[in-house]
Amino acid sequence: MSAICGRVRVACSGLVVGLVLSLSTVGFASTVDAQPSESIEDQDAESLVLNWPSLGLGSEIVFDAADVEQAVQVPVPAGSAMLALTGQLRAPVELGLGYLEVTSADGRFLGSADIPDVESGQRVTPFSIDLAGAAVDAAAGMATLRMTVRPLDRSSAVCGAPQRLTAADLAVSFTAAEQVPETVDQFLPSVLDAVEVFVDPEPTTAEKESVLTLAAALVHRYGSIPAQISVLPLSRTAPVPAGGSGLTRSVVVREAAEAGASIAAAGAGSVLVLSGTGHALADQVGVFTAGLDRIVQVRSAAVTTLAADEILGTDTLTFEQLGAVASTSVLGSAQLFSGFDSSSFGLTQPGSMEVHLMADYTPVSDATATATISAGGQVMHSQELDSSGRVDTTFSVAGGAIARAVGLNVALTYSPNAGCSQFTAPIQFAIDPKSTVTVSGSSGGTGGFKSLPTSLMPTFQVAFDEQDPEANGVLGLSYATRVVASMQTTANAAMRPMVAPMDEVVGSGMGALLVADADSLGAAGISAPLAVVDGAVKISNDQGLTMDVDGGIGSLQVFAEGDRTVVAITTTGEWSLVGPVLDRATPGGSWADLSGDVVAAGLGGEAAPMTVMSDGPAGAVSGPERGWVTWLWIGASALVVAAAVMVAGLWMDRRRKRAASQ
């Protein structure tokens, strides 16, 4: 099972890169204050306050047991130092006297915050803990904070009702000192808010592919940190623009005779310029896709060779390889959550899944203890825990449950027969890293947002309508970049977009992302859920509804075409109609929670998701009453063609259904 990547070899098969390093004598620009952005809560001349989501962390931490440490790695912006951790402690019920303790990675005590006194009417307590003494790993740009709930009443904490303390609205303040990148390895900071990518208004194929590959590489690198990537026009012969400052970076992508990735001083900041001709330009992104920028400690480098090879999929991976190893302690009851992304297997169409789950736990005697494993809401395995200290079971999960991600929940109980005291210790339960997941491949294309990104992994083609200046220009490229970045947020492995001519992509059979208006898609023989027939919009549902919509419709569609999945960014009117569609489809930069197979908007700009043909791998939609009906109102006005015939057909169909049920 394999997918061909025309020019890139992944790490498992070896990456051959030649680097030509040169040291530039260009002077360095001076430092300026960072600029504010949506993810930055507050910023002045002295401090920079970042909420946890902008640091790629959850907005809250839940503590459901005393004396159980939770460690969090906090990215530290280059050139900054941590000042304070702020937030709120929330307790729904009285937890007794105690405090939240925060220590550094080296064990140094940083501070504490008292647990809310619910009995006196205090359910929420704001706190601020000084982080000036926290140890920071300068090379990684990370600081580890260890948090533990410390009760003053030991017996109540151990044997009482389960505790639940939440630390919410978390944020970290930093000094606002800024480090202007002087070398390639300094260009990408540990925390990134936005990237401005500049490209010629009429980008070449190589420039398009470089921009898309760079977007996928950046999202893959920063993971849950929500960095916004924007594509802006800049003439190929224009001077390098002023560089981004603070947590913003600027990149210029342009075809030029000399290939390389170089730092150019511009304004008060620095700009990274990726240059080259043809494939040599796209190859320069390999400095970041392979993580080689960390060793390029000079102002410029050039990727001279990027080997072409197959990207081999695999049908078996261990929990360690999947990043699904987890552990917990339990006294009374506890939940252990584990999960992984099915795109890690590199299979375009994963089928069913077999899980060989192994776990070690503290041997149990003179107690009642159980473990119940569930996936997709269904119990897969249940057993009593005994003196063996080992769980070893195999179970299968149906293919529909692994379209995007697989979540495993282990419900644990432990009750000593002798009762509980302040000296009773919980048992430990840990998933064995050698546990495995085996996935079988399946055939046939899959529609629906839930099928992404798996159905396009790891390599897919991208085509732009060459006859449409907007679709083939910066606007179409910016739309495609947003979609690629959104798909990458839900994929563990880096995606590999390959730009090719429209006629080649239409007939290739490989998963594809198409940017073309509805007329061009129809002329190319692409049958989308929403299409244009004789100037009217046709909805490819059971009734074959056709209607005229004033001003047109912009849409994002995911559908099966033969043995492949196609993602279409399209419009029946102006290309500006697509903007609200992508805003609705990718809130926060990701469509992890998006369902259905179409998001569409009319002149009103109110985008609506709907299900026309498929809601993903679980199966196609068969009923006439599903999601698309609500969308009929998004146009400024709509004329339903042959409405009387359709209504009569629906009325007769309902009569038949009513008669059959009697």
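Further up the page is the structure itself.
Basis of the calculations
Residues numbered from 1 in each chain as written. Predicted model: local features only at pLDDT ≥ 70, side-chain atom pairs only at ≥ 80, totals over all residues. Heavy atoms only, no water. Helix = DSSP H or I, 4+ residues; strand = E, 2+ residues; numbered from the N terminus. Buried < 20%, exposed > 50% of the residue type's maximum accessible area, 1.4 Å probe, protein only. Contact = heavy atoms within 4.5 Å. Areas by Shrake-Rupley, 256 points an atom, 1.4 Å probe, with all protein chains shown as cover. Core = buried A, V, L, I, M, F, W, Y, C linked by side-chain atoms within 4.5 Å. Pairing = 2+ DSSP bridges. Polar contact = N/O pair within 3.5 Å; in protein donor to acceptor, adjacent residues only side chain to side chain. Salt bridge = Lys/Arg side-chain N within 4 Å of Asp/Glu carboxyl O. Phe/Tyr/Trp six-rings, centres within 6.5 Å; stacked < 30°, edge-to-face > 60°. Expected span 1.5 Å × (residues − 1). Axes fitted to C-alpha atoms, helices over the stretch in contact; angles between N-to-C directions. Parallel < 35°, antiparallel > 145°, perpendicular 65-115°, else oblique. Left-handed = near helix turned anticlockwise from the far one by under 90°. Nonpolar A, V, L, I, M, F, W, Y, C, P; charged D, E, K, R; others polar.

Colleague: What am I meant to see in the overall build of the protein here?
Modeller: In terms of helices and strands, the protein carries 11 helices and 41 strands. The 662 residues of the protein split such that 50% are buried. Intrachain contacts of the protein at a sequence separation of at least 6 include 76% that bridge at least 24 residues. Summed over all atoms, the accessible surface of the protein reaches about 28100 Å², with 51% contributed by carbon and sulfur.

Colleague: Help me out: how do you make sense of the nonpolar core in this one?
Modeller: One recurring pattern in soluble globular proteins is that nonpolar side chains are buried together. Leu-274, Val-483, Leu-513, Leu-556, Ile-569 and Trp-591 are the most contacted members of the largest nonpolar core, which has 69 residues in total. Residue contributions to this core peak at 9 residues, all from helix 3 (residues 205-222). Core analysis: the next-biggest nonpolar cluster, separate from the first, contains 36 residues, Leu-57, Leu-110, Ala-113 and Ala-167 among them.

Colleague: Can you walk me through the pairing of strand 7 (residues 82-90) in this structure?
Modeller: Along a regular strand, successive side chains alternate from one face of the sheet to the other. In this sheet, strand 13 (residues 165-175) lies alongside strand 7 in antiparallel orientation, the contact comprising 7 bridges. By the bridge assignment for strand 13, Met-82 is matched with Phe-174. Taken together, the 7 bridges between strand 7 and strand 10 (residues 124-130) define a ladder with antiparallel strand orientation. Note on strand 10: the bridge partner recorded for Leu-89 is Thr-125.

Colleague: For this particular structure, what's the right way to read the side chain of Gln-284?
Modeller: Counting through the fold element by element, Gln-284 comes out in the loop between helix 4 (279-283) and helix 5 (286-289). At a separation of 2.9 Å, a polar atom in the side chain of Gln-284 contacts the main-chain amide nitrogen of Val-303. Not counting the four nearest positions on each side in its chain, Gln-284 is found in contact with Ala-259, Gly-260, Ala-261, Leu-274, Ser-275, Ala-301, Ala-302 and Val-303.

Colleague: Help me out: how do you make sense of the pattern of salt bridges in this one?
Modeller: Opposite charge on two side chains permits them to pair, given that their charged atoms come into close proximity. Counted by the stated rule, this structure contains 11 salt bridges. The residue Arg-221 makes a salt bridge to Asp-293 at a minimum N-O spacing of 2.9 Å. On the criterion of sequence distance, the pair formed by Arg-221 in helix 3 and Asp-293 in the loop between helix 5 and strand 19 (300-306) is long-range, its members being 72 residues apart. Looking at Arg-221, the relative accessible area reads 25%, which means it is partly exposed.

Colleague: Help me understand the packing of aromatic side chains, please; the structure alone is not making it clear to me.
Modeller: The relative placement of two aromatic rings is captured by the distance of their centres and the angle of their planes. What the rule picks out here adds up to 2 aromatic pairs. With a centroid separation of 6.2 Å and 10 degrees between ring planes, the pair formed by Tyr-361 and Phe-429 is classed as stacked. In this pair, Tyr-361 sits in strand 24 (residues 350-361) while Phe-429 sits in strand 29 (residues 427-431), placing the two residues 68 residues apart along the sequence. Taking the relative accessible area as the measure of exposure, Tyr-361 reaches 5% and is therefore buried. Residue Phe-429 is classed as buried on the basis of its relative accessible area of 4%. Consider the rings of Tyr-479 and Trp-575, whose centres lie 6.4 Å apart with planes at 40 degrees: the pair is tilted. Taken together, the residues span a long stretch of sequence, with Tyr-479 in helix 7 (residues 474-488) and Trp-575 in the loop between strand 38 (564-571) and helix 10 (578-585) at a distance of 96 residues.

Colleague: What am I meant to see in helix 3 here?
Modeller: An α-helical segment advances 3.6 residues per turn. Residues three or four places apart therefore align on the same side. In this model helix 3 runs 26 Å from its N-terminal to its C-terminal C-alpha over 18 residues, within 8% of the 26 Å that 1.5 Å per residue would give. Positive phi shows up at Gly-223, right after helix 3, with a value of about 55 degrees.

Colleague: Please clarify how the packing of helix 3 against helix 7 should be interpreted in this entry.
Modeller: A packed helix pair is summarised by two numbers, namely the angle formed by the two axes and the spacing between the axes. Taken N-terminus to C-terminus, the directions of helix 3 and helix 7 make an angle of 30 degrees; their axes are 9 Å apart at the nearest point. Taken together, the axes of helix 3 and helix 7 lie roughly parallel to each other. Regarding helix 3 and helix 7, the two cross each other, and that crossing is right-handed. Touching Lys-208, Val-211, Leu-212, Ala-215, Ala-216, Val-219 and His-220 of helix 3 are Leu-477, Ala-480, Thr-481, Val-484, Ala-485 and Gln-488, all from helix 7. When grouped by side-chain class, the residues that make up the contact of helix 3 with helix 7 number 9 nonpolar, 3 polar and 1 charged.

Colleague: Whenever I open this one, the sheet that holds strand 39 (residues 598-601) confuses me. Can you help?
Modeller: Two orientations exist for strands paired in a sheet by backbone hydrogen bonds: parallel and antiparallel. As summarised here, the arrangement of the 7 strands in space is 32-31-33-38-37-39-40, forming an open sheet in which the pairing is mixed. What marks the edges here is a single partner per strand, and that holds for strand 32 (496-499) and strand 40 (608-610). The mean angle between the axes of side-by-side strands here comes to 25 degrees, regardless of whether they run parallel or antiparallel. Two strands pair when backbone bridges link them, and strand 39 and strand 40 are joined in this way by 3 bridges, in the antiparallel orientation. Bridging across to strand 40, Val-599 finds its partner in Pro-609.

Colleague: Sorry if this is basic, but what is going on with unusual backbone geometry here?
Modeller: What is expected of a backbone is that most residues other than glycine have negative phi and most peptide bonds are trans. Note the cis peptide between Leu-452 and Pro-453, where omega equals 5 degrees. With respect to the helices, strands and loops of the structure, Pro-453 is situated in the loop between strand 30 (436-441) and strand 31 (459-464). With phi around 50 degrees, Asp-169 is a residue other than glycine that occupies positive phi space. Note on placement: Asp-169 falls in strand 13. Positive phi, normally seen in glycine, also occurs at Asp-366, with a value near 55 degrees. Relative to the helices and strands, Asp-366 is located in the loop between strand 24 and strand 25 (367-375).

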